[in-house]
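# Reading the structure
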Amino acid sequence: MKLVVGVSGASGAPYAKRLLDFLAEHGPSLGVSVDVVFSDTGLQIWKDEIGAPPRLPFPVWKNRDFAAPFSSGSALGYEAMVVVPCSAGCMARIAHGISADLIGRAADVMLKERRRLVLCLRETPISLVHARAMVQAIEAGAFVMPASPSFYSHPRDVGELVDTVVSRILDRLEIPNELMRRWKGHARASRPEPVEE
Ligand SMILES: Cc1cc2nc3c(=O)[nH]c(=O)nc-3n(C[C@H](O)[C@H](O)[C@H](O)COP(=O)(O)O)c2cc1C
């Protein structure tokens, strides 16, 4: 599988970095290759939140470079795309088919070709504008996964908290991972009632 990873200008670069680090380590053995696109603000926020520019073992495309193979539906193998973090503006542009940059165009291709598109939205609170864009994106076939960490796996530090989001992104992309302890039911939960004959 060829996967496109878009990094747009929302807070949450650690999610993108963790996902890309995982894919750098495990992608080759899982048969997953990766192409990356940063928006201008996405790159700026990465540098600020990570403290260094990205150093990635993947092709990194300019957000204005529509010559990238995955900007056309006829390029084979590009089965999935994730935008992480996904700004509210980026989600709204995708929801309305505004292919003014490579992230938007690649997402548009995913939707029109009925391929997998995951938008890891990072914004709070959610306005009606955002909510409507979210509905539109979901109706068009995207998965909207707010960057909402979970706590039931008892994360011990920020890295493990980040993993609770990244693990669920990988799940949505059907990429096997054990980044977080999964919920297997609670030992103290009530047992199912026996069915009376
Ligand atoms: C430090 C910083 C943090 C931001 N965080 C968010 C955010 O969490 N969510 C969001 O929707 N926009 C956020 N923004 C605003 C977006 O970056 C802005 O709307 C930008 O136009 C998005 O462009 P892009 O979608 O092309 O990356 C942030 C901007 C900055 C500078």
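First things first, this report covers the structure right here in the doc.

## Details of the site of the ligand
The full set close to the ligand counts 13 residues, and Gly-9, Ser-39, Ser-87, Ala-88 and Arg-122 are the nearest of them. Ala-88 is positioned such that a nitrogen or oxygen atom in its backbone is 2.7 Å from an oxygen atom of the ligand. With respect to the ligand, the side chain of Arg-93 contributes an N or O atom lying 2.9 Å from an oxygen atom. Coverage of the ligand by the protein chains reaches 63% of its 640 Å² of free accessible surface. Per-element accounting of the shell around the ligand gives the leading share, 3 residues, to helix α3 (residues 88-95). Partitioning the shell around the ligand into residue classes produces 4 nonpolar, 6 polar and 3 charged.

## What to know about the pattern of salt bridges
Across all of its chains, the model carries 11 salt bridges by this definition. Among the ionic pairs, Arg-105 bridges to Asp-108, the shortest N-O distance being 4.0 Å. A residue pair is termed a helical-turn pair when its members lie 3 or 4 positions apart in one helix, as Arg-105 and Asp-108 do in helix α4 (residues 102-112) at 3 residues. Its relative accessible area of 24% is what places Arg-105 among the partly exposed residues. A salt bridge links Glu-178 to Arg-182; the shortest N-O distance between them is 3.8 Å.

What counts and how
- Residues numbered from 1 in each chain as written.
- Predicted model: local features only at pLDDT ≥ 70, side-chain atom pairs only at ≥ 80, totals over all residues.
- Heavy atoms only, no water.
- Near = heavy atom within 4 Å.
- Polar contact = N/O pair within 3.5 Å; in protein donor to acceptor, adjacent residues only side chain to side chain.
- Areas by Shrake-Rupley, 256 points an atom, 1.4 Å probe, with all protein chains shown as cover.
- Helix = DSSP H or I, 4+ residues; strand = E, 2+ residues; numbered from the N terminus.
- Nonpolar A, V, L, I, M, F, W, Y, C, P; charged D, E, K, R; others polar.
- Salt bridge = Lys/Arg side-chain N within 4 Å of Asp/Glu carboxyl O.
- Buried < 20%, exposed > 50% of the residue type's maximum accessible area, 1.4 Å probe, protein only.

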